[in-house]
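# Reading the structure
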Amino acid sequence: MAYSNKVLDHYNHPRNVGSMDKSDPNVGTGMVGAPECGDVMKLQVKVNPATGIIEEAKFKTFGCGSAIASSSLATEWLHGKTVDEALAIKNTDIVNELSLPPVKIHCSVLAEDAIKAAIADYKKKTAQNADAVAAN
Amino acid sequence: MSGYFELLGLPPALTLDAAELQRLFYERSRQWHPDRFARKPEEERQRALDLSSRLNDAYRTLRDPVQRAQYVLAQEGLDAGPQRSADVPPELLEEVFELNMALEELRGGDISVRPQLEAARASFLGMLAAAEARLPELFAAWDAARRRETLAEIRGVLDRRKYIQNLVNEVEKELSAAA
């Protein structure tokens, strides 16, 4: 299958591959998987608690070129965004940017799900910390 | 065109007696064997041929519990549609991620991960067996009450089974490639 140049670029030079400390209270971790192809994607965001801005985003994806490119692009976009702006990223934005063919749209859905899962994890941690502070 | 159960003269139930299925299949196969229609008009010969071939499809599909369930799900409009990421058992994700990390290391030539991969394979095979063990009970529930929720549950078990099977295949492929 022919990949677009943008997909190839992200595939050959993936941005922000790696992982951050899951137990860091400012780090949100999203882990998602695609049942059909067995792809699995881990995406993490590190949020500055004072500004609510995502200062770092990392990913590790096991899957096809489009899944890797989708998550690589997602981490690029997340950098510098607020948590709410991050939640506004839609899979269709990724499809358009990478010119993904219809059979690869599920890869972009996976990336969107991973962003949402990472942010949800961060929010859960923040809420728990707030509770802990309130309890003290 | 009649369905597989009718073709074999069975009630359309997920719980099925394998011996009875085989008996009916043989009986009807004899009845519609193309040799018995060799001297008949073309139209009848063709009909016997079509029926024989459909009987074979029906038998092959119904004798396997997973294929049988998939057939009934499709008949009821619950085919394996596009699956969403939410369908992956969440408790499995960590394990799958770790598995992929180990597979990557193995591909990179690090054979020290072999025992970890063999343990993973055993664990996934156990999950596969556990998923399959739930089917008879769900089949009986569907036969008794014909509730959509039961079918959805069966769909879930089959999806999970397929997902785990893919993982097992992947591990086995890499283990034999690295052997």
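These figures come from a predicted structure and were not determined experimentally. (Residues numbered from 1 in each chain as written. Chains lettered and ligands numbered in written order. Predicted model: local features only at pLDDT ≥ 70, side-chain atom pairs only at ≥ 80, totals over all residues. Heavy atoms only, no water.)

### What to know about the overall build of chain A
- Scanning chain A for helices and strands turns up five helices and three strands.
- The helix and strand sequence of chain A, counted from the amino end, reads α-β-β-β-α-α-α-α.
- Its C-alpha radius of gyration of 15 Å places chain A within 12% of the 14 Å reference for a compact globule of 136 residues.
- In terms of its C-alpha atoms, chain A occupies a principal-axis envelope of roughly 60 × 30 × 25 Å.
- Contacts spanning at least 24 positions in sequence make up 63% of the contacts within chain A whose residues lie at least 6 apart. (Helix = DSSP H or I, 4+ residues; strand = E, 2+ residues; numbered from the N terminus. Rg over C-alpha atoms; globule rule 2.2 N^0.38 Å. Contact = heavy atoms within 4.5 Å.)

### A few points about the sheet that holds strand β3 (residues 53-62) of chain A
Residues and elements named next belong to chain A.
- Judged by pairing direction, the sheet is antiparallel, and its three strands sit side by side in the order β1-β2-β3 without closing on themselves. On the outer flanks of this sheet lie β1 (27-33) and β3, each paired with one strand and no other. For this sheet the average axis-to-axis angle between neighbouring strands, irrespective of direction, equals 15 degrees.
- Alignment of strand β2 (residues 40-48) against β3, held across nine bridges, turns out to be antiparallel. Along β3, the bridge assignment pairs Val-40 with Phe-62.
- This element, helix α5 (residues 105-135), spans β1, β2 and β3 of the sheet and lies at about 145 degrees to β1. (Pairing = 2+ DSSP bridges. Axes fitted to C-alpha atoms, helices over the stretch in contact; angles between N-to-C directions.)

### Describing the packing of helix α4 (residues 65-75) of chain B against helix α7 (residues 135-145) of chain B
All names here are of chain B.
- Packing of α4 against α7 leaves a shortest axis separation of 12 Å and a crossing angle of 35 degrees. Helix-helix and strand crossings are classified by hand; for α4 and α7 the assignment is left-handed. In this structure, α4 contributes Pro-65, Val-66, Arg-68, Ala-69 and Val-72 to the contact, and α7 contributes Leu-135, Phe-139 and Trp-142.
- Looking at side-chain class alone, the contact of α4 with α7 contains seven nonpolar, no polar and one charged residues. (Left-handed = near helix turned anticlockwise from the far one by under 90°. Nonpolar A, V, L, I, M, F, W, Y, C, P; charged D, E, K, R; others polar.)

### Topic: the packing of aromatic side chains
Residue and element names in this part refer to chain B.
- Under the criterion given, the structure shown has six aromatic pairs over all chains.
- Where Phe-25 meets Tyr-26, the ring centres are 5.9 Å apart and the plane angle is 40 degrees; that geometry is what we call tilted.
- Aromatic side chains Trp-32 and Phe-37 sit 5.8 Å apart centroid to centroid with 5 degrees between the ring planes, which places their arrangement in the stacked category. For the residue pair Trp-32 and Phe-37, the accessibility class agrees, reading buried in each case.
- One aromatic cluster in this structure is built from Tyr-4, Phe-5 and Tyr-71. (Phe/Tyr/Trp six-rings, centres within 6.5 Å; stacked < 30°, edge-to-face > 60°. Buried < 20%, exposed > 50% of the residue type's maximum accessible area, 1.4 Å probe, protein only.)

### Details of the nonpolar core
Residues and elements named next belong to chain B.
- Judged by nonpolar contacts, the single largest core of 32 residues is most densely connected at Leu-8, Leu-10, Leu-62 and Ile-154.
- Going through the elements one at a time, α1 (4-8), α2 (18-31), α3 (42-63), α4, α7 and α8 (148-178) are the ones with two or more residues in this core.
- Leaving out residues up to four positions away in the same chain, Leu-62 has contacts with Tyr-4, Phe-5, Leu-8, Leu-10, Leu-16, Leu-21, Arg-68 and Tyr-71. (Core = buried A, V, L, I, M, F, W, Y, C linked by side-chain atoms within 4.5 Å.)

### Let's talk about the domain arrangement of chain B
Residue and element names in this part refer to chain B.
- Domain boundaries in chain B define domain 1 (4-63) and domain 2 (85-178).
- If you average the C-alpha positions of domain 1 and of domain 2, the two centres end up 35 Å apart.
- Across the boundary between the two partners, domain 1 contributes four residues, which contact six residues of domain 2.
- Of the roughly 390 Å² buried between domain 1 and domain 2, counting both surfaces, carbon and sulfur atoms make up 53%.
- On the domain 1 side of the interface with domain 2, the three residues burying the most area are Pro-12, Leu-14 and Thr-15, jointly 91% of the side's total.
- Our enumeration of links across domain 1 and domain 2 arrives at zero salt bridges.
- Taken together, the links from domain 1 to domain 2 amount to three residue pairs in polar contact (both at pLDDT 80 or more).
- In terms of residue class, the side of domain 1 that touches domain 2 is made up of three nonpolar, one polar and no charged. (Domains from an automatic or database assignment. Buried area = accessible area lost by both parts, 1.4 Å probe. Salt bridge = Lys/Arg side-chain N within 4 Å of Asp/Glu carboxyl O. Polar contact = N/O pair within 3.5 Å; in protein donor to acceptor, adjacent residues only side chain to side chain.)

### Let's talk about the state of the cysteines
Residues and elements named next belong to chain A.
- Applying the stated criterion across every chain, the model contains zero disulfides over all chains.
- Take Cys-64: it sits in no disulfide, and the sulfur closest to it among the cysteines is that of Cys-107, at 3.6 Å.
- The buried category is assigned to Cys-64, whose relative accessible area is 19%.
- Judged by relative accessible area, Cys-107 falls into the buried class, the value being 0%. (Disulfide = S-S within 2.5 Å.)

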